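The primary structure of each chain is shown beneath.
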Amino acid sequence: MYPSSFDYRRASSVQEAIAMLSSDEDAKVLAGGHSLIPLMKLRLASPSMLVDIGRISNLSYVRKEGSQVAIGALTRHRDVETSELLAHEVPILSKVAGQIGDPSVRHVGTIGGSTAHGDGAADFPAALLALGATMVAEGPSGRREIAASEFFKGFLETALAPDEILTEIRVPTGFTKYAFQKFNRRAQDWAIVGVVAVRGERTNVGFINMGPTPLRATAVEERLSAGASVEEAAAVADEGTSPSADINASVEYRRHLARVLVKRALSELG
Amino acid sequence: MRVEVTVNGQERVADVEPRTLLVHLLREHFALTGTNVGCDTSSCGACTVLLDGESVKSCTVLAAQADGRAVTTIEGLADLDGTLHPLQRAFQENHALQCGYCTPGMVMVSMSILAEHDTLDEATVREGLEGNLCRCTGYHNIVKAVLAAKEAMGASR
Ligand SMILES: Cc1cc2nc3c(=O)[nH]c(=O)nc-3n(C[C@H](O)[C@H](O)[C@H](O)COP(=O)(O)OP(=O)(O)OC[C@H]3O[C@@H](n4cnc5c(N)ncnc54)[C@H](O)[C@@H]3O)c2cc1C
Ligand code: FES
Ligand code: FES
């Protein structure tokens, strides 16, 4: 299967990539290509131009900045999985990264690509939402920061403008307890439902595949801060979610999984 | 567009459409047909090759993304005189293949697993093979072969 034809441009800097994107409204950014190329092969996406940002070397890094860790958008899943700094400061991200797809996917896919794709079924977006991360974007009119809670807008839709590049993701340290429950039937699969729970001063819970966008388990978080037990909080886990049915699970089954997995995740937090 | 790739240690050049996938560059432009296409949807791993030493699924990488980089395919493992790589020998000795369709991909992903781990146990190998499907052997002998190769390669160092 071939994608339909497109122009290919390779950007050597963020500025150059923005200029290329601004020149063609049907242009798309190419990072690892592990979401975009499958869509293009199925002709579900047919951009007229690909702006390859994969060679912009200063977009791949993990560094501590005060009480946050800054992660360059081109940092690959493999690099997140094996980063000693993240293992120490934001261990939930290393754990989540290590369960994305399979090793060959993790050698190519990037955290920026996964985030900019904004898939409600993907792992990083829900983790970043639970952590309250900040996305840093650059466009023709400069640099802006977008809170994770404002970033995921709809099905595969984010707050990024078509000519904006996600350059960095900033995650807070301090969530020292964490749990990741990814329920699937075969090892390399996507989550049928997944739960990311992190606890620092408060407990935040993110859902994978419980709606068209990644979600916070608001009902659970509210109950917990009101002093509810794990069982009481988990019992309302699917409140406010809107899962869909597919070949793997019905809506009811997903709601059931949400309650079970939240209970497991919260129990794991201790 | 012109792409220049170091394939199995040799500089290769081709003029391709931007939409050309790495697997087609290898098979159709460079006549290296050892790399197979199975699912063509990034699920089975039959098309796995090494890009700068790390396993990737070449049906989901553009030839343009490999431009200026090094690719290793199954054809690049044996010595020029035909002596098999220790990993290939381990596959043979452990009966790690039946029809052989998945084998090039299995071997290449295993090269990555061997390179990324100083020591290996069965669970690590099984997790490393997650993205590669075999419809014949049931994985058991493939896992045995990778562990045997690790031992053989450690011993020869
Ligand atoms: C076999 C397989 C299994 C997978 N399993 C999982 C899984 O279990 N869990 C999971 O979460 N994911 C999974 N994925 C998806 C994988 O994580 C992708 O790598 C990731 O979603 C996209 O990252 P990328 O760098 O490849 O982005 P690309 O595919 O290059 O881009 C994705 C989208 O984001 C845009 N984009 C990319 N980078 C930027 C940027 N910096 N700024 C602005 N826009 C940008 C692109 O234009 C495109 O629209 C799987 C993929 C495959 C092929
Ligand atoms: S052919 Fe590439 S993963 Fe199956
Ligand atoms: S040996 Fe036949 S598919 Fe693996």
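Here the structure is a predicted model, which is why all the values come from computation and not from measurement.

Comments concerning the domain arrangement of chain B
Residues and elements named next belong to chain B.
Point 1. By domain assignment, chain B separates into domain 1 (2-76) and domain 2 (86-156).
Point 2. The centre of domain 1, based on its C-alpha atoms, is set 21 Å off from the matching centre of domain 2.
Point 3. Between domain 1 and domain 2, the residue contacts involve 18 residues of the former and 14 residues of the latter.
Point 4. For the interface between domain 1 and domain 2, the tally reads zero salt bridges.
Point 5. Between domain 1 and domain 2 we count eight residue pairs in polar contact (both at pLDDT 80 or more) in total.
Point 6. Every element with two or more residues in the side of domain 1 that touches domain 2 is listed here: strand E3 (48-51) and strand E4 (54-57).
Point 7. Looking at the side of domain 1 that touches domain 2 residue by residue, the classes come out as six nonpolar, 10 polar and two charged.

Thoughts on the interface of chain B and chain A
Point 1. Taken together, the contact between chain B and chain A spans 33 residues of the former and 31 residues of the latter.
Point 2. Approximately 2,500 Å² of surface area, both sides summed, lies buried where chain B meets chain A, with 52% of it carried by carbon and sulfur atoms.
Point 3. The interface formed by chain B and chain A includes five salt bridges.
Point 4. In this structure, the salt-bridge partner of Arg10 of chain A is Asp67 of chain B, at a minimum N-O distance of 3.2 Å.
Point 5. Summed over the shared surface of chain B and chain A, the result is 18 residue pairs in polar contact (both at pLDDT 80 or more).

Considering the confidence of the model for chain B
Point 1. Of the residues in chain B, 98% have a pLDDT of 70 or more, and the chain-wide mean is 96.
Point 2. Listed scores for the predicted complex are pTM 0.97 and ipTM 0.96.

Section: the sheet that holds strand E3 (residues 49-52) of chain A
All names here are of chain A.
Point 1. Strand order in this open sheet of three strands is E1-E3-E2, and the pairing throughout is parallel. Looking at which strands have only one partner, the edges of the open sheet turn out to be strand E1 (7-10) and strand E2 (27-30). Between one strand axis and the next, the sheet turns by 25° as a mean value, whatever way the strands run.
Point 2. Pairing geometry for E1 and E3, over four bridges, is parallel. When the sheet's bridge partners are listed, Tyr8 is paired in E3 with Leu50.
Point 3. Helix H1 (residues 14-22) rests against E1, E2 and E3 of the sheet, and its axis sits at about 175° to E3.

Section: the site of ligand 1
Point 1. Around ligand 1, a shell composed of 31 residues is seen, among which Val29, Gly33, His34, Ser35 and Thr110 of chain A lie nearest.
Point 2. More than one chain approaches ligand 1, the contributing ones being chains A and B.
Point 3. Between ligand 1 and His77 of chain A there is a distance of 2.9 Å, counted from an oxygen atom to a side-chain nitrogen or oxygen.
Point 4. Look at ligand 1: alone it shows 980 Å² of surface, and the protein chains cover 95% of it.
Point 5. Of all elements in the fold, only E2, helix H7 (111-117) and strand E10 (165-172) of chain A reach the threshold of two or more residues within the shell around ligand 1.
Point 6. Considering every element that reaches the shell around ligand 1, the biggest residue donor is H7 of chain A, with four residues.
Point 7. Looking at side-chain class alone, the shell around ligand 1 contains 14 nonpolar, 12 polar and five charged residues.

Digging into the UniProt feature "domain: FAD-binding PCMH-type" (unreviewed entry) in chain A
Point 1. The sites that UniProt annotates as "domain: FAD-binding PCMH-type" (unreviewed entry) are residues 1-176 of chain A.
Point 2. Span residues 1-176 of chain A is 33% helix and 26% strand, its end C-alpha atoms 45 Å apart.

Things to note about the domain arrangement of chain A
Residue and element names in this part refer to chain A.
Point 1. For chain A, the assigned domains are domain 1 (7-52), domain 2 (57-172) and domain 3 (177-269).
Point 2. One C-alpha centre belongs to domain 2, the other to domain 3, and the line joining them spans 20 Å.
Point 3. If you look at the interface, domain 2 gives 24 residues, while domain 3 gives 23 residues.
Point 4. Each partner contributes to the roughly 1,900 Å² buried at the junction of domain 2 and domain 3, and carbon and sulfur atoms together form 67% of this total.
Point 5. Between Lys182 and Asp123 there is a salt bridge, with the nearest N and O atoms lying 2.8 Å from each other.
Point 6. Between domain 2 and domain 3 we count five residue pairs in polar contact (both at pLDDT 80 or more) in total.
Point 7. Mapped by element, the contributors of at least two residues to the side of domain 2 that touches domain 3 are helix H5 (91-97), helix H8 (123-131) and strand E8 (152-154).
Point 8. Of all the elements, H8 adds the most residues to the side of domain 2 that touches domain 3, at seven residues.

Observations concerning the environment of Glu116 of chain B
Point 1. Along the chain, Glu116 of chain B turns up in helix H4 (residues 103-116).
Point 2. Since its relative accessible area comes to 26%, Glu116 of chain B is described here as partly exposed.
Point 3. Taking the C-alpha atoms as reference points, Glu116 of chain B and Ala148 of chain B, 32 residues apart in sequence, are found 16 Å from one another.
Point 4. Not counting the four nearest positions on each side in its chain, Glu116 of chain B is found in contact with Arg78 and His107 of chain A together with Glu54 of chain B.

Section: the nonpolar core
Point 1. With 35 residues, the main nonpolar core has Leu93, Met135 and Val171 of chain A as its most contacted residues.
Point 2. Broken down by secondary-structure element, the contributors of at least two residues to this core are strand E5 (68-72), H5, H8, strand E6 (134-139), helix H9 (148-151), E10 and strand E12 (193-199) of chain A.
Point 3. If one sorts the elements of this core by residue count, H8 of chain A sits on top with seven residues.
Point 4. For this core, the two domains that each supply at least three residues are domain 2 (57-172) and domain 3 (177-269) of chain A.
Point 5. Discounting residues that sit within four places of it in the chain, Met135 of chain A has contacts with Thr115, Leu128, Arg144, Glu145, Ile146, Ala148, Phe151, Phe152, Leu166, Glu168 and Ile169 of chain A.
Point 6. Counting 25 residues, the second largest nonpolar core, distinct from the first, contains Leu77, Ala90, Val107 and Ala145 of chain B.

About the thresholds
Numbering of residues starts from 1 in each chain and follows the order in which that chain's sequence is written. Going through the entries in the order they are written, you letter the chains from A and number the ligands from 1. Given that this is a predicted model, residues contribute local features only at a pLDDT of at least 70 and side-chain atom pairs are listed and counted only at 80 or more, while totals for whole chains, interfaces and linings are drawn from all residues. Each side-chain value is worked out from all heavy atoms of the structure, with water and hydrogens disregarded. In this document the domain limits rely on a domain assignment from an automatic tool or a database. Any pair of residues with heavy atoms lying within 4.5 Å of one another is described as a contacting pair. A pair is scored as a salt bridge if a Lys or Arg side-chain nitrogen falls within 4 Å of a carboxyl oxygen belonging to Asp or Glu. Think of a polar contact as two N or O atoms within 3.5 Å of one another; within protein, one of them needs to be a possible hydrogen donor and the other a possible acceptor, and neighboring residues in sequence only count if both atoms come from side chains. A helix here means a DSSP run of H or I that spans at least four residues, while a strand means a run of E at least two residues long, and both kinds are numbered starting from the N terminus. When residues are sorted by character, Ala, Val, Leu, Ile, Met, Phe, Trp, Tyr, Cys and Pro go into the nonpolar class, Asp, Glu, Lys and Arg into the charged class, and all the rest, Gly among them, into the polar class. Throughout, buried area stands for the accessible area (probe radius 1.4 Å) lost by two parts on being put together, summed over both. For every residue, the predictor reports its confidence as pLDDT, a number between 0 and 100. Whether two strands pair depends on DSSP finding at least two bridges between them. The axes are straight lines fitted to the C-alpha atoms, using for helices just the contacting stretch, and the angles between their N-to-C directions are given from 0 to 180°. What makes a residue near a molecule or strand is one non-hydrogen atom of that residue sitting within 4 Å of it. Exposure was quantified through the Shrake-Rupley algorithm and a 1.4 Å probe, taking into account, for residues, occlusion by the shown protein chains and nothing else. UniProt positions are given in the numbering used here, feature names are shortened, and annotations may be inferred rather than shown by experiment. A 1.4 Å probe rolled over the protein chains alone gives each residue an accessible area, and that area as a share of the maximum for its type sets the label: buried under 20%, exposed over 50%, partly exposed in between. Put simply, buried Ala, Val, Leu, Ile, Met, Phe, Trp, Tyr and Cys residues joined by side-chain atoms within 4.5 Å make one nonpolar core.

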